[in-house]
Amino acid sequence: MFCVFFLLCAIGDRHFSPSWGLPCRAGLGLLFFRARVGLCMSTRSARLTRANSAKQTVRSSRGFGSRPDRTSRAEQVQVDRGITHCEEKRPDTSPAPHREICAICLESLDDCSFSYPCGQGHRLHYGCMVHFLGSVLALPLSDDTPGPLLKEQVRDLGNGWKAIGVLEVALEIMTHETRSRLGCPLCRCPWPEEDQVPLSEIIAQLRLCRTRKVAKLAMKLETAFQQVKLRFDERPEVSHYRMGSGFLRLEENLHSASSFLSHQLTGCHSVAQILSFLDARHVTNMSAACAASHRHCWAGTKLRAPNVKVGSVRSAFHRILPATAQILLVDPSLGSAMCRGLSGLDVVAFSKWLNGSSMRELTMTGADWERLDPGASYLASSLQIRNLRLLDLSHNGLTDLSAQNLANALARSGAALEVLTLELNFISQQGFESLLCLGAGSVHSWGFRHNQLGDESCRILAKSLDPEISKLGKRRLETWDLRTNSIGAEGCKFLAQLIGHMVVARLGCNPLGDYGGEQLANGLGPKLRILDLRQAQLGEAATLALGRKLREASQLEELLLSGNEIGPSGVQALAEGWAWISTLRFVDLSGNGHIGNEGVDLIADELPFWQQAPFRLSLASINCEEKSTRRLAQALRKNPRHHRQWRIELQNNPLPTHAVLEITRLLEPREPAIFSGRRP
């Protein structure tokens, strides 16, 4: 074979000797070179073919079922050829994390993946698993008898609950030949026997995957609805459109707005419902549409407006009919400077006006009512309203006498009050004790921020609202705002009995200290949703105790600990604790300057164990530097969280801009890339 190849090359080269008719010396050398190169190329191509076939044959759970980071094409070719350049070596970099993919469609896996019962931990998409089982169960047997499923059934199978039920019946009646075909698509391990892995466990896993998928779709739908609501429903153009569409509907029934209103009585229920959706200024605009609208919207010189927002109480009793008012908001920032100068006559007139209303929500903030009505005697006498559900008298300088008068008046009226907010006042333990008797157990939101309650009020609260002996109902322990009330460690001993039964506990801006923080940590319970301990002088001892007991608050959503004295060991204990809480959405550790670089490194070590989604972590003003953020970025590369809607805040730290942008880039959501061996 070699001789024939040699002669053919010699003839094709046409380098003949004139006397012998054979190749000359130069031609012989060229021919030998061509033959040698041809043999080497054929040997190398065969070796590469065998190597590529071996690469395709050897498939492991990490090599085939995972997606490694791609190296450059030039480096790969040099490795295949065995070429190395010592002078061009690059510095070693840590390998990128493997991204697990489906064994059938080679797409990235999500939380709804199915673990194949082969014992190797290979996972597939839920849809791929249902399609794979249906396709195999529909194959005919070797004797041409149909399998457990028909092709028509598989064609209309889908991915819902009905498909799981059909597959369960088919797997129960399948033959040994069909079982042998149900090998793992990755490692070809056989389908397990009933005594190894029961069929009920496999079907339960399929149903769990379907439940997670439906839950994820429901969350997306809810998010979409919320975005639509925020984008469209709250705009004034939408309310105008609804009003216009309502008028068009009236015209379709041979009515215009004026003709409809002209045939209705003044106290008509339909007209009252229309007005209940409008603010006072919109009712004013509606009254100018026609004479019939003016007749329904005005009663003499006063406007029939259910929802009222005014800058002073004088505007309310001068312009609004009290019988129709349902919601009243008095905010001096809404009015001009001329409306802020009130007198005692205004207080008397407003009290009479309020006494003739059926108010459901009364909000009066920043009116300095204690100066106009000392002891709130006129206001208390006018609150004989059984329909009252919300009372907000914040920033009015109210004293204990005012609180006692309000409590007695509301108790006599029998109002089922639900929300009571008395922030930025001067209420101490005497007024607080009288207010605890309000609502006969119906009040579920209490706001006493920035008052003068102290530790003694906590003792009174624990005595009157003990969940084991209280007869006033457990709804009273839902939402409590006791910030900035000079509550110390002594008061925390009493609050520890109640905090486990609260839903929202805001105790920040109080000198709790380490001892108080430890007492509160021992009382945490599963009902707690929001725990606010900002600027509470908590140190390492308190945060270590809080981290140990944090898993007891299994439904916690917000953990607010900014402005304390938390150090590295404390933040590590907290990070270990909240890893057990899947419902957690926001952790605020900003303003804790003792955390530093060591604390961020410890947070990066605990990050792989966090599975919350979405999740927001505030690390602003904690005195961390660039080297700690590099450790955090490395943890995010090894444990990607871009699909979980995470957000890590690093403002007000001595960090370069590119370090903050790197963390942001690693958390940005992106589409999963499909791995292939081709050059991009």
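Scroll up a little and you will see the structure.
None of these values were measured; they are calculated from a predicted model.

Each value, and the rule that gives it
Residues numbered from 1 in each chain as written. Predicted model: local features only at pLDDT ≥ 70, side-chain atom pairs only at ≥ 80, totals over all residues. Heavy atoms only, no water. Helix = DSSP H or I, 4+ residues; strand = E, 2+ residues; numbered from the N terminus. Buried < 20%, exposed > 50% of the residue type's maximum accessible area, 1.4 Å probe, protein only. Areas by Shrake-Rupley, 256 points an atom, 1.4 Å probe, with all protein chains shown as cover. Axes fitted to C-alpha atoms, helices over the stretch in contact; angles between N-to-C directions. Parallel < 35°, antiparallel > 145°, perpendicular 65-115°, else oblique. Left-handed = near helix turned anticlockwise from the far one by under 90°. Contact = heavy atoms within 4.5 Å. Nonpolar A, V, L, I, M, F, W, Y, C, P; charged D, E, K, R; others polar. Phe/Tyr/Trp six-rings, centres within 6.5 Å; stacked < 30°, edge-to-face > 60°. Lys NZ or Arg CZ within 6 Å of the ring centre and 35° of its normal. Salt bridge = Lys/Arg side-chain N within 4 Å of Asp/Glu carboxyl O.

## Overview of the overall build of the chain
In terms of regular secondary structure, the chain is built from 27 helices and 19 strands. Put simply, the chain has 680 residues, and 42% of those count as buried. When the accessible surface of the chain is totalled, it reaches about 37,000 Å², and 55% of it is carbon and sulfur.

## What to know about the packing of helix 24 (residues 568-578) against helix 25 (residues 596-606)
One way to put it is that helix 24 packs onto helix 25 with a least axis distance of 8 Å and a crossing angle of 20 degrees. Our classification of the angle between helix 24 and helix 25 gives roughly parallel. Classified by chirality, the crossing of helix 25 by helix 24 is right-handed. Residues Pro568, Val571, Gln572, Ala575 and Glu576 of helix 24 lie in contact with helix 25, whose contacting residues are Glu598, Gly599, Leu602, Ile603 and Glu606. Classifying every residue of the contact of helix 24 with helix 25 by side-chain character gives five nonpolar, two polar and three charged.

## Digging into the environment of Asn387
Structurally, Asn387 can be placed in the loop between helix 17 (377-382) and strand 10 (390-392). Residue Asn387 is classed as partly exposed on the basis of its relative accessible area, which comes to 39%. Sequence separation between Asn387 and Met359 is 28 residues, and the spatial gap between their C-alpha atoms is 6.3 Å.

## Describing the environment of Pro146
Here Pro146 is to be found in the loop between helix 4 (126-137) and helix 5 (151-155). You can call Pro146 exposed: its relative accessible area is 56%. The contacts of Pro146, once residues within four sequence positions are left out, are Pro140 and Leu141.

## Focus: the packing of aromatic side chains
All chains considered together, the criterion is met by 13 aromatic pairs. Taken together, a centroid distance of 5.0 Å and an interplanar angle of 5 degrees make the contact between Trp446 and Trp480 stacked. Of this pair, Trp446 sits in strand 12 (residues 445-447) while Trp480 sits in strand 13 (residues 479-481), placing them 34 residues apart in sequence. Residue class for Trp446 comes out buried when judged on its relative accessible area of 1%. Three or more aromatic residues joined by ring pairs make a cluster, and in this case those are Phe432, Trp446, Phe448 and Trp480. Positioned above the aromatic ring of Phe586, the side-chain terminus of Arg616 is 4.1 Å from the ring centre.

## As for the pattern of salt bridges
Applying the stated criterion across every chain, the model contains 17 salt bridges. Between Glu177 and Arg181 there is a salt bridge, with the nearest N and O atoms lying 2.9 Å from each other. Linking Glu177 with Arg181, this pair stays in helix 7 (residues 176-181), spanning four residues, or about one helical turn. Take Glu177: its relative accessible area is 25%, and that puts it in the partly exposed class. Overlapping salt bridges bring together Asp481, Arg483, Arg506, Asp532 and Arg534 as one network.

## Digging into the packing of helix 26 (residues 626-638) against helix 27 (residues 657-667)
Where helix 26 contacts helix 27, the two axes come as close as 10 Å, and the packing angle between them is 15 degrees. With respect to each other, helix 26 and helix 27 are oriented roughly parallel. Seen along the crossing, helix 26 lies across helix 27 with a hand that is left-handed. Facing helix 26, whose interface residues are Glu626, Thr629, Leu632, Ala633, Leu636 and Arg637, helix 27 presents His658, Ala659, Glu662, Ile663, Leu666 and Leu667. A class-by-class count of the residues in the contact of helix 26 with helix 27 yields seven nonpolar, two polar and three charged.

Any functional reading would require information beyond the geometric quantities listed.
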